[in-house]
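In case you want the letters, here they are:
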Amino acid sequence: MDKEHGPYSKDINETSKNEQMNYFRMDNNGKTLTTNQALPLSNTDDSLKAGSRGPTLLEDFHFREKITHFDHERIPERVVHARGFGVHGYFQVYEPMTEFTKAKFLQDPAKKTPVFVRFSTVVGSRGSADTVRDVRGFATKFYTEDGNYDLVANNMPVFFIQDAIKFPDVVHAIKPEPHNEIPQATAAHDTFWDFVVNTPETAHMIMWLLSDRAIPRSYRMMEGFGVNTFRFVNAQGKARFVKFHWKPLLGVHSLVWDEAQKLSGKDPDYHRRDIWDAINMGEFPEYELGVQMMDEADEFKFDFDILDPTKIWPEELIPVKKIGKMTLSRNTDNFFAETEQVAFHPGHIVPGIDFSNDPLLQGRLFSYLDTQLIRLGGPNFHEIPVNRPVAPVHNNQRDGYHRMTIDRGRVSYYPNSLQANTPAPDPKNGYVHYHEKVEGQKIRERSESFRDHFRQATLFWNSMSPPEKQHIIDAFHFEVGSVKDKQIKQRVVDMFNNVDGQLAAQIAVGIGANPPAKPGGTGVTATSPAVSQANTIKSARTRKVAILAENGFNFPEITQVTKALTGAGVQYEIISKNLGMITGVDGKQLEVNKNFVTSGSIMYDAVYVTGGRQSVDSLLKQGDALHFINEAFKHAKAIGATNEGVDLLSASQIQGVPTAGADTSAQLVNEMGVVTIKNAADMGHFSQKFIEAISQHRHWIRQSQKGFVPA
Ligand code: HDE
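As the structure is a prediction and not an experimental result, all values here were calculated from the model. (Residues numbered from 1 in each chain as written. Predicted model: local features only at pLDDT ≥ 70, side-chain atom pairs only at ≥ 80, totals over all residues. Heavy atoms only, no water.)

**Looking at the site of the ligand**
Then step 1. Arg78, Arg118, Leu360, Tyr368 and Gln372 are the nearest of the 23 residues found near the ligand.
Then step 2. Side-chain polar atom of Ser367 to an oxygen atom of the ligand: 3.2 Å apart, as the coordinates give it.
Then step 3. At a separation of 2.8 Å, an oxygen atom of the ligand approaches a polar side-chain atom of Gln372.
Then step 4. For the shell around the ligand, the secondary structure elements donating two or more residues are strand S3 (136-144), strand S4 (147-154) and helix H9 (359-375).
Then step 5. Top contributing element to the shell around the ligand by residue count: H9, with six residues.
Then step 6. A per-class count over the shell around the ligand returns 13 nonpolar, seven polar and three charged. (Near = heavy atom within 4 Å. Polar contact = N/O pair within 3.5 Å; in protein donor to acceptor, adjacent residues only side chain to side chain. Helix = DSSP H or I, 4+ residues; strand = E, 2+ residues; numbered from the N terminus. Nonpolar A, V, L, I, M, F, W, Y, C, P; charged D, E, K, R; others polar.)

The structure is reproduced here in structure tokens:
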């Protein structure tokens, strides 16, 4: 930032957005209390009254200012994506993308472009829970030298509808029902499924929505998809169609439904807390930016329309080229100022990136600017610190609510001679819309090529691993099982019979509907392995282990294990009956992080029970400790126990899984993600296998072993 450009800068780098925001930061610590006019105040506890027991006087300007400001503290919440969480970071391209696009932030691998990302749920209101079944928003603002570029993405690659004119309908149908505002933050009610059965184009998206993708483990473990088809344009004016992807380096992982529901009560802030803590600990979330590119000549070579937002471009047909990496490295200072006021818009574009005729995208280009005008109170929302480009802004737009820029001079029009005809357009470097030839009849009609609604839904279904398929069926049972209208339920079965006959039959069983009269399907047998989470990156890094211990634990044993966990980037917390300190057999103490009342297995990726006779005997007497094990087992999480700790597993409902026996050998037993060892002083082998089990995320094999999953 320099004097000439004020809070703007020509030089965009990793810290330039942060420096710009320094112009607006305020520290109140140690300061005298003032009014908004900077009048120092002597009292803010008593209103001005006629006598200490008398009426309040209208003269009390401080009371009026304080209360009026408070009365106006809320702005309208976003009509969709109301609940969100924002973080700062930066983006770096891997190699110059000159061949494909002239976008400046995609040219120089040495350059770090600042970004702000807001993750969100779609349906719930601002105060709803993080872990509900829903699509997640994944919106990124790049503060580039050519101005702000917004990639306003979701964590699913397709959408409910093909044309933006239906957006108010789908949103009205999924939001709480209007007569009683029930239910909150869920699609599991009549109006939504009524819309679905009357709108077959939703079929593919419904498959994604009922899959594990809709209950992510973490914002750090989610993919992002631009959904709509865009264009890359290079300096020679050559264009290619492009789809954008974010690929998390930690892989794509999900919660299980039972866990997600419980978390909604125990920790409704689970996802925001997770990313907030990770960034504060220096475990910066990273995502690679991927692009699928298609020559314009290939536009009609596929059995789907590449402009149809209910279709993926299967990665096996059109590979994703990873072109750069985003690192999220800084939390916000103030939720309202940054996360609530950030304004995304797919029309915030830079030279080198352009639109396609995808009818959903075309409609989005209208909606986002419109919504910011009402939400942020006028046309100057681009001046709010988080929305300000870092690159300088010069134009003849003036005035309006909350204008902050003090434009100098007489000229606010173009052309002019009083200011040498500036600010002037730049025909060479300025944005030029791609010269696409467009002709057609004015018509309200859907293209024939948009008519196939089921083939890719079948492709998705075919691509799921057995546990993923089971989760989808369970989700149908819950969602459609919550619908009261019997006809709608039956029509769900009939609609999804178009996708797969077996799927429809299994849906029918759980919701009290008739199986399809004739097994249906599309005949598609292909799969797209890239859409299954079974094939994702597995890592124990940043996973969180609950360690159960009481007084009388074995200190050297627990320290060996915790050292190994830390070495692998795994976090842990000590859980005990009471908060405070616990004392080991040798008198050494450890601080308890959480007790059973303030925690639950659902908040962790794995559980470890450490040895020590007295500690384990005490745990054995606590239903909470046994519940911890049973629940973690049911949710398919890694469980580890050493020496006497194994006794707690034997007393739990998971006795069916082999654990280390009481004989004298220090044999390690590793079965279905349950890792145990007895009679061992060296925890090296155990720690290694336990960390491996954590990195597997979940051990679905337990679910396929009948009888192993406690009810
Ligand atoms: Fe949005 N969408 N959307 N959307 N969308 C909004 O803008 C809209 C669509 C997405 O964290 C709204 O500022 C229409 C697809 C995200 O602030 C609104 C259509 C995708 C966010 C709006 C769509 C998205 C929004 C509400 C066409 C994935 C949150 C508040 C049918 C690519 C951004 C706001 C944030 C927000 C309209 C469909 C992603 C009303 C008309 C497809 C991540 O303008």
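Once you've had a look at it, read on.
**Side note on the pattern of salt bridges**
Then step 1. If you walk through the whole model with that rule in mind, you get 45 salt bridges.
Then step 2. With its nearest N and O atoms 3.3 Å apart, the salt bridge here joins Glu448 to Arg451.
Then step 3. The exposure class assigned to Arg451 is partly exposed, which follows from its relative accessible area of 43%.
Then step 4. Linking Asp617 and Arg613 is a salt bridge whose minimum nitrogen-to-oxygen distance equals 3.1 Å. Here Asp617 and its partner Arg613 are both found in helix H15 (residues 613-620), four residues apart, which amounts to about one turn of the helix.
Then step 5. The class for Asp617 is partly exposed, based on a relative accessible area of 31%.
Then step 6. What emerges from the salt-bridge pattern is a single network uniting Arg217, Arg220, Asp274, Arg543 and Asp605. (Salt bridge = Lys/Arg side-chain N within 4 Å of Asp/Glu carboxyl O. Buried < 20%, exposed > 50% of the residue type's maximum accessible area, 1.4 Å probe, protein only.)

**Side note on unusual backbone geometry**
Then step 1. Cis geometry is adopted by the peptide bond preceding Pro415, which originates at Tyr414 and carries an omega value of 0°.
Then step 2. Tracing the backbone through its elements, the reader meets Pro415 in the loop between H9 and helix H10 (455-463).
Then step 3. Here the residue pair Thr422 and Pro423 is connected by a cis peptide bond, since its omega of -5° sits within 30 degrees of zero.
Then step 4. Along the chain, the position of Pro423 falls in the loop between H9 and H10.
Then step 5. A positive phi angle, near 60°, is found at His402, a position not held by glycine.
Then step 6. Relative to the elements of secondary structure, His402 occurs in the loop between H9 and H10.
Then step 7. Exposure remark for His402: the relative accessible area of 54% places this residue in the exposed category.

Just geometry here; none of it tells us what the structure is for.
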